[in-house]
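What the coordinates show
Here is what each chain is made of, one letter per residue.
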Amino acid sequence: MFPALDAKAEGLKVYAVIDASGDPSELASRATLARFTQAGVIPINANAVICELHRTWNRPDAAQLAELYCMASPSYKAVMESYNKAQEVALRPKQ
């Protein structure tokens, strides 16, 4: 918390990746989130960070980013598998 608050005090725009912290309890997480918000620190989660860095699937390293994304959001792997299967079916020659 303190590095984020110090950076904010220096005039920087600060984002805090809330789900990447090691809070010992839900109460501690809520208190930290409240303090950050009060100080103008922008709460964000790992999923949003990955999406903002990724920006598009139309890039050479998309497969590696997909692996990272699935580690942060395991249920997304099912979405990817479903999409890939739908594309496979759509591209099959009509009989």
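Quick caveat: nothing in here was measured; it's all calculated off a predicted structure. (Residues numbered from 1 in each chain as written. Predicted model: local features only at pLDDT ≥ 70, side-chain atom pairs only at ≥ 80, totals over all residues. Heavy atoms only, no water.)

Before going further, it helps to spend a moment on the packing of aromatic side chains. Each aromatic ring pair is summarised here by two numbers: the centre-to-centre distance and the angle between the ring planes. Applying the stated criterion across every chain yields a total of two aromatic pairs. Measuring from centroid to centroid gives 4.4 Å for Tyr69 and Tyr76, while their planes differ by 85°, and the two rings are edge-to-face. Of the residues examined, Tyr76 reaches a relative accessible area of 22% and is grouped as partly exposed. Linked through ring pairs, Trp57, Tyr69 and Tyr76 together constitute an aromatic cluster. (Phe/Tyr/Trp six-rings, centres within 6.5 Å; stacked < 30°, edge-to-face > 60°. Buried < 20%, exposed > 50% of the residue type's maximum accessible area, 1.4 Å probe, protein only.)

Another point: the packing of helix α3 (residues 46–54) against helix α4 (residues 62–72). Direction vectors running N to C along α3 and α4 enclose 165°, while the axes themselves pass 10 Å from each other. On the basis of the axis angle, α3 is roughly antiparallel to α4. The handedness of the crossing between α3 and α4 comes out as left-handed. Across the interface between the two elements, Asn47, Ile50, Cys51 and His54 of α3 pack against Leu65, Leu68, Tyr69 and Ala72 of α4. Across the contact of α3 with α4, the residue classes break down as six nonpolar, two polar and no charged. (Axes fitted to C-alpha atoms, helices over the stretch in contact; angles between N-to-C directions. Helix = DSSP H or I, 4+ residues; strand = E, 2+ residues; numbered from the N terminus. Parallel < 35°, antiparallel > 145°, perpendicular 65-115°, else oblique. Left-handed = near helix turned anticlockwise from the far one by under 90°. Contact = heavy atoms within 4.5 Å. Nonpolar A, V, L, I, M, F, W, Y, C, P; charged D, E, K, R; others polar.)

Moving on to the pattern of salt bridges. Proximity of charged atoms lets side chains of opposite charge pair with each other. Tallied over the full model, the rule gives four salt bridges. Across the pair Glu26 and Arg30 runs a salt bridge whose closest N-O atoms are separated by 2.4 Å. Residue Glu26 and its partner Arg30 are located together in helix α2 (residues 26–39), separated by four residues, close to a single helical turn. You'll find Glu26 and Arg30 in the same group, each marked exposed. A salt bridge links Asp61 to Arg59, with the nearest nitrogen and oxygen atoms 2.6 Å apart. Each of Lys85, Glu88 and Arg92 takes part in one network of salt bridges that share partners. (Salt bridge = Lys/Arg side-chain N within 4 Å of Asp/Glu carboxyl O.)

Right, let's talk about α4 for a bit. Taken together, the buried positions of α4 are Ala62, Leu65, Ala66, Tyr69 and Cys70. The buried residues of α4 occupy an angular sector of 140° when projected down its axis, which confines them to one face. Among the exposed residues of α4, those oriented more than 90 degrees off its buried face are Gln64, Glu67 and Met71. Looking at the packing, one finds that the buried side of α4 touches α3 and α5 (76–91). (Arc of directions from axis to C-beta.)

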